[in-house]
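Chain residues, written in single-letter form:
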Protein chains: 2
Amino acid sequence: MSHSILSKFFQPSSVAIVGASPKEGKIGRVILENFISRFGGRVYPVNRNYDEILGLKCYRSVGEIPEAPDLAVVAVPAPEVPAVVEELGERGTRAVIVVSGGFREMGTAEGELLERKLLEVAKSYGVRLLGPNCIGVFDNWNGVNTFFTTKMKIPPRGCVGIISQSGAFAIALMDLMAHRGIGVSRAVSYGNKIDVDDVELLEFFGKDDRTRVVLMYIEGLREGRGRLFIDVARRVSEKKPIVIYKAGRTARGGRAAASHTAAVAGDYQIYRAAFRQAGVVEAESFDEMLDVVRIFLDQPLICGNRVFVVTDAGGVGVMLTDALTSVGFELPVAPPSLRERLRNELPPHAIVDNPVDLTGDASDERYVRVLEIIAEDGDADAIVVAALPQIPNLRGTFADYVAELKNRWGKPIVSLVIGSKDAIEIAGRLQEKGVTVFESPERLAKSLRALYLYSMFRAGKRCC
Amino acid sequence: MSHSILSKFFQPSSVAIVGASPKEGKIGRVILENFISRFGGRVYPVNRNYDEILGLKCYRSVGEIPEAPDLAVVAVPAPEVPAVVEELGERGTRAVIVVSGGFREMGTAEGELLERKLLEVAKSYGVRLLGPNCIGVFDNWNGVNTFFTTKMKIPPRGCVGIISQSGAFAIALMDLMAHRGIGVSRAVSYGNKIDVDDVELLEFFGKDDRTRVVLMYIEGLREGRGRLFIDVARRVSEKKPIVIYKAGRTARGGRAAASHTAAVAGDYQIYRAAFRQAGVVEAESFDEMLDVVRIFLDQPLICGNRVFVVTDAGGVGVMLTDALTSVGFELPVAPPSLRERLRNELPPHAIVDNPVDLTGDASDERYVRVLEIIAEDGDADAIVVAALPQIPNLRGTFADYVAELKNRWGKPIVSLVIGSKDAIEIAGRLQEKGVTVFESPERLAKSLRALYLYSMFRAGKRCC
């Protein structure tokens with residue numbers, strides 16, 4: 001049931017925008033423009049002061065709209081919000097996003113009271129409410145977009161679903177993802193979450209076919225939701241990875257969270273234990289968050305911890321060896337039979353071990369031959385291809401081969417590329433074809449470890 | 001003494017290139033072209049098969065050059081190298097870079113023998129030798145450049161000196177620094193280091209006025225050089241920061257290092273203890289290495305661990321609080337007097353604490369007023385300015401003010417900016433004026449901690 005109503009927040013056929021406005025800079029204008037530009041369904045601006053806004057007929061009240069809109073967005077001053085929601089309930093609308101602020105987050109008795117009243121009204125009509133004090137919903141497939149910013153670049157359509165307790169963070173993150181070409185399916189930020197909360201949204205994203213990876217930013221769950229969160233997260237994790245950035249991990253950070261969203265950040269160790277139980281992948285840093293998302297989008301699950309490294313620069317081989325073994329991977333020593341095959345392919349100064357060092361006169365062909373042999377004989381669970389493309393004979397054609405090999409082999413192949421012009425071009429070719437590219441050995445290793453931990457969860461092995 | 005000869009490697013008046021060649025793709029051609037394009041001194045190609053190469057008179061032997069060149073670069077097959085160095089010694093040249101490979105790194109008895117012979121010849125003539133099997137020297141001021149690659153973008157002239165045990169890594173790193181606009185003074189990679197080694201080079205960079213930060217990649221020091229390294233590093237650290245990325249930290253990484261440069265990676269814990277004693281800043285990851293270099297280039301030393309955070313997004317305030325306190329910084333709670341001043345400047349929904357949350361309707365003017373008050377009254381040792389510029393009223397003019405405040409205040413001010421278009425523009429403005437920009441709260445915090453540790457070393461407080 002909850003799923004079918006929640007879907008109205010993301011895929012409504014019609015929407016009312018209460019507080020729509022023609023005035024530049026007004027939230028009610030930005031949201032209306034968002035819908036006009038990308039939403040395929042019917043749009044009903046509501047504002048008692050206008051007959052028409054931006055070419056659309058404007059309604060004086062909710063009651064005048066010719067149908068019960070699937071979704072309503074409310075952007076009127078806080079004191080008017082409960083009455084509007086009541087009208088919407090009367091009209092038959094069951095999904096309401098309240099973007100207006102001025103409730104509990106004010107820290108005043110009036111704010112608190114108003115918020116309680118709002119919840120009562122919603123409950124009495126069976127209205128599901130997102131907010132108040134939130135930026136609401138962005139749906140990259142249906143064009144629902146209540147994010148009231150004109151400065152966010154829209155990310156490409158893709159498979160990452162975002163649930164963020166911080167609205168500003170969700171916007172900045174999507175702006176960055178757009179810049180990096182990482183695709184988003186849908187995003188939501190729920191503000192004071194007096195009704196619909198992160199746990200329900202997580203369940204919805206779990207069932208959403210458009211979403212292959214769920215990315216969450218949370219400060220704290222609502223009191224008493226811990227048990228349900230673990231149950232839901234575990235069920236979702238059985239199908240798709242959940243990557244969580246938990247803010248308010250330190251005592252001082254918890255204090256900052258309390259003044260930000262009134263969240264009870266709680267004991268971080270308890271959250272960590274819950275994440276582990278539920279197969280949730282925790283990103284411990286901002287970089288890790290997007291790195292890990294990328295590796296999940298690109299790579300198949302990994303079956304074990306044995307990694308082979310192929311490089312054209314010995315130093316980078318050493319760096320990768322340190323980074324990978326530090327997080328628990330094994331770099332198996334090349335067995336004699338493999339050494340012999342490699343030796344036959346390579347000049348005497350190349351190093352036939354693991355890492356395999358093709359050295360500075362490496363060519364695309366040398367990469368291809370060596371990778372083929374390792375995929376065949378290396379008994380590896382994953383391969384890391386490091387390429388410093390400043391060497392003379394590397395043109396970058398190996399990139400297409402690596403992508404083809406990855407598909408044929410069916411196991412993870414990731415890459416490390418460092419530099420400017422040629423590096424950017426080669427990295428682009430690799431990334432485009434799903435061979436996740438990193439610039440830092442340590443970030444590569446951490447991301448591969450996240451893939452490993454999640455894969456073990458999926459395989460029914462609880463390890464760490 | 002050693003300093004005066006070492007300076008010939010970087011600032012010679014004349015250079016002989018033995019093994020210079022007109023043939024495309026030959027190392028001897030790439031190096032000659034490098035000198036022709038940027039070196040201001042006299043260039044003498046030496047090759048018995050040519051009278052002229054690329055428009056320059058070519059000499060049949062070293063003996064025929066009309067002067068004793070300050071520096072010689074040797075790029076002939078390994079077996080011929082000792083005789084060439086002997087000729088150079090006879091001619092009076094005292095600084096020789098041997099780029100040729102084919103010595104001890106081959107792992108053969110002949111290679112070993114040849115290397116010993118080479119060292120004997122050099123010693124008997126008082127020739128200082130860099131290499132063999134190295135890419136040698138890049139000097140961004142004098143145009144010495146023996147890095148035989150045509151694919152490296154040249155970084156701008158600047159203040160970072162690079163000493164790298166891995167040649168390919170030095171090239172990739174400089175290519176990346178060029179891309180990011182981080183300036184380099186000089187760089188050197190010494191290959192098998194049978195004579196001039198990292199310790200001597202570190203001493204040279206310590207005395208080099210063009211170099212304000214020394215960046216080192218090392219796998220292992222030469223046997224018996226540990227004590228001297230600590231002495232030299234400590235002396236250099238008293239004047240300028242040394243940032244070291246130590247590869248071969250794990251047992252498995254040490255094995256990879258042994259097959260890469262025959263380095264004895266040694267016990268990492270001993271290196272760490274040595275680094276701490278000597279005030280060396282260790283970068284534990286590739287990202288950290290360049291982050292830390294940037295903060296040293298931009299920021300003054302820091303006097304204590306008290307940090308104020310100003311943000312327009314609560315979530316990012318929480319993230320920064322976690323990250324900063326996790327590495328040992330204190331975010332002092334705003335005292336009542338400061339709160340009152342801030343309260344008078346800010347709308348009621350803003351949060352006047354630390355972090356100060358200017359919220360999503362923040363303007364450039366709001367940033368300016370609040371930063372001014374905090375610099376005056378905040379009793380802070382550093383300020384972090386976080387700006388998610390997707391909010392409507394932020395145009396970015398605050399960037400110039402922040403830079404001006406930093407100079408006036410005399411203490412570190414760093415910034416966090418996340419996003420695409422506007423973010424990139426604002427980040428560029430801040431970075432250009434020396435307000436170090438980060439995208440990740442964790443990397444910002446780690447870099448600020450490196451600045452703190454080094455500042456304490458300089459202040460005579462050994463802390464960790």
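Predicted model, so just to flag it, every value in this text is computed and none were measured. Every chain begins its residue count from 1, and numbering advances along the sequence as written. Here chains are named by letter from A upward and ligands by number from 1 upward, in the order in which they appear as written. Owing to the predicted nature of the model, reporting of local features is limited to residues with pLDDT of at least 70; listing and counting of side-chain atom pairs is limited to 80 or more, with chain, interface and lining totals taken over all residues.

Brief notes about the overall build of chain A
Consideration 1: Scanning chain A for helices and strands turns up 16 helices and 18 strands.
Consideration 2: Overall, the C-alpha framework of chain A stretches about 85 × 45 × 35 Å when taken along its three principal axes.
Consideration 3: Relative to its 464 residues, chain A shows a buried fraction of 59%.
Consideration 4: Note on contacts: each residue gets a C-beta atom placed from the backbone, and two residues are in contact if those atoms are within 7 Å. Once local pairs closer than 6 in sequence are excluded, the contacts in chain A between residues at least 24 apart make up 73%. Helix numbers and strand numbers start at the N terminus; a helix is a DSSP run of H or I with at least 4 residues, a strand a run of E with at least 2. Exposure classes come from backbone-placed C-beta atoms, where a residue is buried if 20 or more other C-beta atoms lie within 10 Å of its own, exposed if 12 or fewer do, and partly exposed in between.

Quick word on the relation of the copies chain A and chain B
Consideration 1: The fit set for superposing copies consists of C-alpha atoms from residues with pLDDT of at least 70 in both; the fit itself is least squares. For the pair chain A and chain B, the best superposition has an RMSD of 0.0 Å and corresponds to a rotation of 180° with a translation of 0.0 Å parallel to the axis. What the rotation and shift describe, once combined, is the action of a two-fold rotation axis. Residue aspartate 287 of chain A of chain A places its C-alpha closer to the rotation axis than any other residue of that unit, at 5.1 Å.
Consideration 2: The overlap is high: 100% of the interface residues of chain A also sit at the interface in chain B, so the same surface is used on both sides.

Examining the nonpolar core
Consideration 1: Counting residues in hydrophobic clusters, the biggest one holds 333 residues, and the most contacted among them are Val73, Val74 and Val310 of chain A together with Val73, Val74 and Val310 of chain B.
Consideration 2: Setting aside its immediate chain neighbours within four residues, valine 73 of chain B contacts Val15, Ile17, Val18, Ile31, Ile97, Val99, Gly136 and Thr146 of chain B. Any nonpolar core is a set of buried residues, restricted to Ala, Val, Leu, Ile, Met, Phe, Trp, Tyr and Cys, that join up through C-beta atoms within 7 Å.

Topic: the packing of helix 12 (residues 336–345) of chain A against helix 13 (residues 364–377) of chain A
Residues and elements named next belong to chain A.
Consideration 1: Following both chains from N to C, one finds helix 12 and helix 13 inclined at 165°, their axes separated by 10 Å at the closest point. Relative to helix 13, the element helix 12 is oriented roughly antiparallel. The two elements helix 12 and helix 13 cross, and the hand of that crossing is right-handed. Facing Ser337, Leu338, Arg341, Leu342 and Glu345 of helix 12, the residues of helix 13 in contact are Arg369, Val370, Ile373 and Asp377.
Consideration 2: Residue polarity is assigned by list, with Asp, Glu, Lys and Arg as charged and Ala, Val, Leu, Ile, Met, Phe, Trp, Tyr, Cys and Pro as nonpolar; anything else, Gly included, falls into the polar class. A breakdown of the residues in the contact of helix 12 with helix 13 according to their chemical character gives 4 nonpolar, 1 polar and 4 charged. Here the axes come from fitting lines to C-alpha atoms, over the contacting stretch only for helices, and the angles between their N-to-C directions go from 0 to 180 degrees. The labels follow the angle: roughly parallel below 35 degrees, roughly antiparallel above 145, roughly perpendicular from 65 to 115, and oblique for the rest. Should the near helix be turned counterclockwise from the far one by less than a right angle, the crossing is left-handed, whereas a clockwise turn marks it as right-handed.

Topic: the confidence of the model for chain A
Consideration 1: As a per-residue quantity, pLDDT reports the predictor's confidence and falls between 0 and 100. Put simply, chain A has an average pLDDT of 95, and 98% of its residues get 70 or more.
Consideration 2: Predicted complex, confidence summary: ipTM 0.94, pTM 0.95.

Some points on the pairing of strand 17 (residues 413–417) of chain A
All names here are of chain A.
Consideration 1: Most of strand 17 is tucked away, with 5 of its 5 residues classed as buried.
Consideration 2: Any two strands between which DSSP finds at least two bridges are classified as paired. Strand direction decides the pairing type here: strand 16 (residues 382–387) and strand 17, joined by 5 bridges, are parallel. Bridging from a neighbouring strand, valine 384 pairs with valine 414 of strand 17.
Consideration 3: By convention a crossover is right-handed if, when the strands point away from the viewer, the path from the first strand over the helix to the second runs clockwise. At this point the chain moves from strand 16, through helix 14 (residues 398–409), to the parallel strand 17, and the crossover so formed is right-handed.
Consideration 4: Looking at chain direction, strand 17 and strand 18 (residues 437–438) are connected through 2 bridges and run parallel. Residue leucine 416 lies in a different strand from strand 18, and its bridge partner there is phenylalanine 438.

Brief notes about the sheet that holds strand 1 (residues 14–18) of chain B
All names here are of chain B.
Consideration 1: Spatial strand order, 2-1-5-6-7: 5 strands in an open sheet with parallel pairing. Two strands bound the open sheet, and with one partner strand each, they are strand 2 (42–46) and strand 7 (128–130). Averaged over all pairs of adjacent strands, the angle between strand axes in this sheet comes to 20°, irrespective of strand direction.
Consideration 2: Direction of pairing for strand 1 relative to strand 2: parallel, over a ladder of 5 bridges. Along strand 2, the bridge assignment pairs valine 15 with valine 43.
Consideration 3: Along the sheet, helix 3 (residues 81–91) contacts strand 1, strand 5 (71–74) and strand 6 (95–98); its crossing angle with strand 5, the most-contacted strand, is approximately 165°.

Some remarks on the sheet that holds strand 11 (residues 213–218) of chain B
Residue and element names in this part refer to chain B.
Consideration 1: Read from one edge of the open sheet, 6 strands run 8-10-9-11-12-13, paired in mixed fashion. Edge positions in the sheet fall to strand 8 (136–139) and strand 13 (281–282), since each has one partner strand and no second.
Consideration 2: Across the sheet, helix 6 (residues 198–207) lies against strand 9 (157–164), strand 10 (184–189) and strand 11, angled at about 165° from strand 9, the strand it touches most.

Quick notes on the domain arrangement of chain A
Residue and element names in this part refer to chain A.
Consideration 1: Those domain boundaries reflect an automatic or database domain assignment. For chain A, the assigned domains are domain 1 (2–295) and domain 2 (301–458).
Consideration 2: The C-alpha-based centres of domain 1 and domain 2 are spaced at 41 Å.
Consideration 3: At the interface, 10 residues of domain 1 touch 11 residues of domain 2.
Consideration 4: Its residues assigned to classes, the side of domain 1 that touches domain 2 shows 4 nonpolar, 2 polar and 4 charged.

Notes on unusual backbone geometry
Consideration 1: Of note, the bond from asparagine 354 of chain A into proline 355 of chain A is cis; its omega dihedral lies within 30 degrees of zero at 0°.
Consideration 2: Within the element layout of this structure, proline 355 of chain A appears in the loop between helix 12 and strand 15 (356–357).
Consideration 3: Backbone geometry places aspartate 379 of chain A, a non-glycine residue, at a positive phi of 50°.
Consideration 4: Position of aspartate 379 of chain A relative to the elements: it lies in the loop between helix 13 and strand 16.
Consideration 5: The phi dihedral of leucine 54 of chain B is positive, around 45°, even though this residue is not glycine.
Consideration 6: Residue placement: leucine 54 of chain B occurs in the loop between strand 3 (52–53) and strand 4 (56–57).

So, the pairing of strand 1 (residues 14–18) of chain A
Residues and elements named next belong to chain A.
Consideration 1: Within strand 1, 4 of the 5 residues are buried, leaving the element largely enclosed by the surrounding structure.
Consideration 2: One ladder, built from 4 bridges, connects strand 1 with strand 5 (residues 71–74); its direction is parallel. In the strand pairing of strand 5, valine 18 is matched with valine 74.

What to know about the packing of helix 11 (residues 314–326) of chain B against helix 16 (residues 441–458) of chain B
All names here are of chain B.
Consideration 1: Between helix 11 and helix 16, the shortest axis-to-axis distance is 8 Å and the interhelical angle comes to 35°. Of the two possible hands of crossing, helix 11 and helix 16 adopt the one that is right-handed. Across the interface between the two elements, Val316, Met319, Leu320, Ala323, Leu324 and Ser326 of helix 11 pack against Pro441, Glu442, Leu444 and Ala445 of helix 16.
Consideration 2: Grouping the constituent residues of the contact of helix 11 with helix 16 by class yields 8 nonpolar, 1 polar and 1 charged.

Quick notes on helix 16 of chain B
Consideration 1: Expected helix span is taken as 1.5 Å per residue step, with the number of steps being one fewer than the number of residues. Compared with an ideal rise of 1.5 Å per residue, which puts 18 residues at 26 Å, helix 16 of chain B spans 26 Å between its outermost C-alpha atoms and is within 8% of the ideal.
Consideration 2: Remark: glycine 460 of chain B follows helix 16 of chain B within two positions and exhibits a positive phi of approximately 85°.

A word on the environment of glutamate 432 of chain B
Consideration 1: With respect to the helices, strands and loops of the structure, glutamate 432 of chain B is situated in helix 15 (residues 421–432).
Consideration 2: For glutamate 432 of chain B and serine 100 of chain B, which are 332 residues apart along the polypeptide, the C-alpha to C-alpha distance reads 40 Å.

Some thoughts on helix 11 (residues 314–326) of chain A
Every α-helix winds through 3.6 residues per turn, so residues three or four apart in the chain are directed the same way.
Residue and element names in this part refer to chain A.
Consideration 1: Compared with the 18 Å implied by 1.5 Å per residue over 13 residues, the 18 Å span of helix 11 between its first and last C-alpha is a close match.
Consideration 2: Across the 13 residues of helix 11, 12 count as buried, placing the element largely inside the fold.
Consideration 3: Where helix 11 is concerned, the buried positions are Gly314, Gly315, Val316, Gly317, Val318, Met319, Leu320, Thr321, Asp322, Ala323, Leu324 and Thr325.
Consideration 4: Immediately beyond the C-terminal end of helix 11, within one or two residues, lies glycine 328, with a positive phi of roughly 105°.

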